Amino acid sequence: QVQFVESGGGLVQPGGSLRLSCAASGFTFSTYHMSWYRLAPGKERELVARIMNSGSIAAYADSVKDRFTISRDNNKNTVYLQMNSLKPDDTAVYYCNAGTRWSTIDFTSWGQGTQVTVSS
């Protein structure tokens, strides 16, 4: 079955950095575009970043552009999110998911997510 295991979150001060990882299984990772989403209390789920199956193209939400970088290792079935210059507004649970089309995700199951808290 499809599985996503997110890790790397934690408590960090404003301006700090974190690197999230998502290990995926149960599907042919290299053929899927991968996405990072986040969910903050009282807010709707937000698409943060997406990377093409080949890794050649990435897209970002305006709120994280120039601060976050998405990457992937198709040999390890893992997608990463490097987060720099973190702000309190980045506080959320971060999840990954996958899709065969650029604009959608295919799976209704989600991992447990990884909590990112940005606070002084």
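Everything below is about the structure shown above.
These numbers come from a predicted model, not from an experiment.

Chemist: I keep staring at the sheet that holds strand S10 (residues 114-118) and nothing clicks. Help me out?
Modeler: Sheet strands pair via backbone hydrogen bonds, and the direction of the pair is either parallel or antiparallel. Spatially, the 6 strands line up as an open sheet ordered S2-S10-S9-S4-S5-S6, and their pairing is mixed. Only two strands of the sheet have a single neighbouring strand rather than two, namely strand S2 (10-12) and strand S6 (58-60). Averaged over all neighbouring strand pairs, the angle between strand axes comes to 25°, with direction disregarded. Bridge analysis of strand S5 (residues 46-51) against S6 gives 3 bridges, and the strand direction is antiparallel. Bridging from a neighbouring strand, alanine 49 pairs with tyrosine 60 of S6.

Chemist: Would you mind showing me how to read the sheet that holds strand S3 (residues 18-25) here?
Modeler: Ordered in space as S1-S3-S8-S7, the 4 strands form an open sheet in which the pairing is antiparallel. Two strands close off the open sheet at either side, each with one partner strand: strand S1 (3-7) and strand S7 (68-73). Adjacent strand axes in the sheet meet at a mean angle of 15° when their direction is disregarded. Where S3 and strand S8 (residues 78-83) come together, 6 bridges link them in antiparallel fashion. Across the sheet, residue leucine 18 finds its bridge partner in S8, namely methionine 83.

So, how was this worked out
Sequence order as written defines the numbering, with residues in each chain counted from 1. Only residues with pLDDT of at least 70 get local features here, since the model is predicted, and only at 80 or more are side-chain atom pairs given and counted; chain-wide, interface and lining totals rely on the full set of residues. Remark: hydrogens and water are excluded; side-chain values derive from all non-hydrogen atoms of the structure. Two strands form a pair only when DSSP identifies at least two bridges running between them. To qualify as a helix, a DSSP run of H or I must reach at least 4 residues; to qualify as a strand, a run of E must reach at least 2; elements of each kind are numbered from the N terminus. Interaxial angles span 0 to 180 degrees and are taken between N-to-C directions of axes, which are lines fitted to C-alpha atoms, for helices over the stretch in contact.

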